[in-house]
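Fold and contact review
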Amino acid sequence: MALLPKRVKHRKTQRGSRAGNATVGNKVSYGEFGLQTLDRAWIKNNQIEACRVAITRHLKRKGAVFIRIFPHKPVTARPPETRMGKGKGAPEFWVAVVYPGTMLFEIAGVPEALARDACRLAANKLGVRTRFVSRQSMMH
Amino acid sequence: MAKILDISVEPRERSNSGVVNRLRKAGTIPAVMYGRKIQATNLQLNAKNFSSILKSSASDNILVNLKVAGQAQDQLALIQEVQHDYLKGGVLHVDFHAIAADEKIHASVPVLLTGVEAAEKKGGMLEHILHSLEVHCLPKDLPESITHLVSVLEVGDALHISDLKFPEGVSAKLDGHVVVAVLKEPLVAEEVAAPVAAAPAKGAPAAKAAPAAAAAKAPAAKAPAKK
């Protein structure tokens, strides 16, 4: 099922700023291990879903997976071969805005080697540089 | 009881961001010491020594004996907060809370669970919900961590704060009914078993075979007809 908001105040938004690093959502808060992004990007809802599927299939439904990002931002696109004008395009897909340091996914209840491998598979679905982190490594 | 570690610190005169950033580059961590009976003081300490102290401890909230340069008396303090750089690593800033040895303190103590593998052999999956717990005690009674053996849990059981054993003089701030960990049943076991059952029929789409055993039989039956 597509990951998108149930209800939004405004159907279309401006692009906004992606400056700075993540100041919230940058720790391993729920699980034992996490996948942290090192780049700033818009991550589409289908990319998040692909990562979730890759992780859960690799873990063979063991453990727990926490998705720490949500695609709140609508992105519009204009139909092909359209002349200029006639207003802004229709909402096409949804993205999550991530900053360097944002924790994308967290995993709990599985050994580190398995979690590391699952995160590697998930990272391959994304167009951003990521790194695998653990609760312990984040503390020191 | 947690060990009290000695840390040498120096007073810091300037506190603007440029100076503080230069200090960090030079291998020094800016810090502050405050308390009910003392005036807040800006401090600085060696980053390498402090990181080694943190690595050897179970959590950031530890008791320390501050040896402030130029002061005759040592100051007992609790590390109230450590700001980490979650992107580059390292410590950005440390808050020392000056305390009195005879006054109760609030501190966050990690909850460590042992016997997790033994518990999970029963067929469940241990979900650790509460990783640290705020406790109320005298500084001399502050435990380094609270450890609990979870191998006695059965599938479906939950570990509550009331089940934890606290050292004498230590009490939890949260209510006893708050859940620390749960030994849950695995989400869906059949989904893993289904592709194995459908494996002999080569060419059968694994994704279609996955949802249930009944659904897995249908592609398996169709597969020979394709040959």
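Presented here is a report on the structure given in the accompanying data block.

So, about the interface of chain B and chain A. Between chain B and chain A, the residue contacts involve 20 residues of the former and 23 residues of the latter. Of the roughly 1600 Å² buried between chain B and chain A, counting both surfaces, carbon and sulfur atoms make up 58%. For chain B, the biggest contributors to the area lost against chain A are Tyr86, Leu87 and His131 of chain B; these three give 42% of the whole. Between chain B and chain A we count 0 salt bridges in total. Across the chain B-chain A interface, the total number found is 4 residue pairs in polar contact (both at pLDDT 80 or more). Element by element, the count of residues in the side of chain B that touches chain A is highest for strand E8 (residues 125–128) of chain B, at 4 residues. Its residues assigned to classes, the side of chain B that touches chain A shows 9 nonpolar, 5 polar and 6 charged.

Sheet strands pair by backbone hydrogen bonding; their relative direction is either parallel or antiparallel. Residue and element names in this part refer to chain B. Strand order in the open sheet made by the 3 strands is E8-E13-E11, with antiparallel pairing throughout. Two strands in the sheet have a free side with no partner beyond their single neighbour: E8 and strand E11 (158–160). Pairs of neighbouring strands in the sheet enclose a mean axial angle of 15 degrees, with direction left out of account. Two strands pair when backbone bridges link them, and E8 and strand E13 (residues 179–184) are joined in this way by 4 bridges, in the antiparallel orientation. Its bridge partner being in E13, histidine 128 is matched across the sheet by alanine 181.

Basis of the calculations
- Residues numbered from 1 in each chain as written.
- Chains lettered and ligands numbered in written order.
- Predicted model: local features only at pLDDT ≥ 70, side-chain atom pairs only at ≥ 80, totals over all residues.
- Heavy atoms only, no water.
- Contact = heavy atoms within 4.5 Å.
- Buried area = accessible area lost by both parts, 1.4 Å probe.
- Salt bridge = Lys/Arg side-chain N within 4 Å of Asp/Glu carboxyl O.
- Polar contact = N/O pair within 3.5 Å; in protein donor to acceptor, adjacent residues only side chain to side chain.
- Helix = DSSP H or I, 4+ residues; strand = E, 2+ residues; numbered from the N terminus.
- Nonpolar A, V, L, I, M, F, W, Y, C, P; charged D, E, K, R; others polar.
- Pairing = 2+ DSSP bridges.
- Axes fitted to C-alpha atoms, helices over the stretch in contact; angles between N-to-C directions.

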